[in-house]
Amino acid sequence: MTPEDGGLFAWLAHERPDLAPVLDRLAAERRTMAALLDELRVVLATPVAGPDALGREVDRLTGQVRAHLAYEEEQLVPILNAAGGDVAAGRRVRPPGGGSGRRAAGQAAGRRVRPPG
């Protein structure tokens, strides 16, 4: 289990069940990255492993990490940005189409928030 699994992602899974496929994919990718890191450690511990083997393992891990971060940013950053203060305060984040995260954050903080327009 990673800190993400027990922290923000666990919270998102509880508050946003519609994100289950995204969170499942990200968890699977983290397991894959952990396995690739283990394979890299084996190559590093093998005295006969040459620079080509090391380079291949580093490239595999780097490619996986980049793809994982790109997907994570694509899928989660817009949701977290829209939620604004709700996420920081641990308040419920509305699903897409469920209202403005900014408006909900302002209302939860006791402020009067006007709808855009």
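Details of the structure are given in the entry above.
Caption draft 1: Structural detail: the overall build of the chain. Counting its secondary structure elements, the chain contains six helices and zero strands. When its helices and strands are written in sequence order, the chain yields α-α-α-α-α-α. Taking the intrachain contacts of the chain between residues at least 6 apart in sequence as the baseline, contacts between residues at least 24 apart amount to 53%.

Caption draft 2: Region of interest: the nonpolar core. Ranked by size, the top nonpolar core spans ten residues in total: Phe9, Trp11, Leu12, Leu19, Val22, Leu23, Leu26, Tyr71, Leu76 and Ile79. Counting only elements with at least two residues in this core, the list comes to helix H2 (8–15), helix H3 (20–45) and helix H4 (51–83). If we skip the residues at most four places from it in the chain, Leu26 touches Phe9, His68, Tyr71, Glu72 and Leu76.

Caption draft 3: Representation of the pattern of salt bridges within the structure. Throughout the structure, instances matching the rule amount to five salt bridges. The shortest N-O distance in the salt bridge between Glu29 and Arg25 comes to 2.8 Å. On the criterion of helical spacing, the pair formed by Glu29 and Arg25 is a turn pair, its members being four residues apart in helix H3. Residue Glu29 is classed as buried on the basis of its relative accessible area of 10%. Assessed through its relative accessible area of 39%, Arg25 is described here as partly exposed.

Caption draft 4: Highlighting H2. Considered for burial, the residues of H2 that qualify are Phe9, Trp11, Leu12 and Glu15. Along the axis of H2, the buried residues cluster in a sector spanning 160°; they form a single face.

Here is what the cut-offs are and how they apply
- Residues numbered from 1 in each chain as written.
- Predicted model: local features only at pLDDT ≥ 70, side-chain atom pairs only at ≥ 80, totals over all residues.
- Heavy atoms only, no water.
- Helix = DSSP H or I, 4+ residues; strand = E, 2+ residues; numbered from the N terminus.
- Contact = heavy atoms within 4.5 Å.
- Core = buried A, V, L, I, M, F, W, Y, C linked by side-chain atoms within 4.5 Å.
- Buried < 20%, exposed > 50% of the residue type's maximum accessible area, 1.4 Å probe, protein only.
- Salt bridge = Lys/Arg side-chain N within 4 Å of Asp/Glu carboxyl O.
- Arc of directions from axis to C-beta.

Honestly, that's just the spatial picture; any functional story needs more than this.
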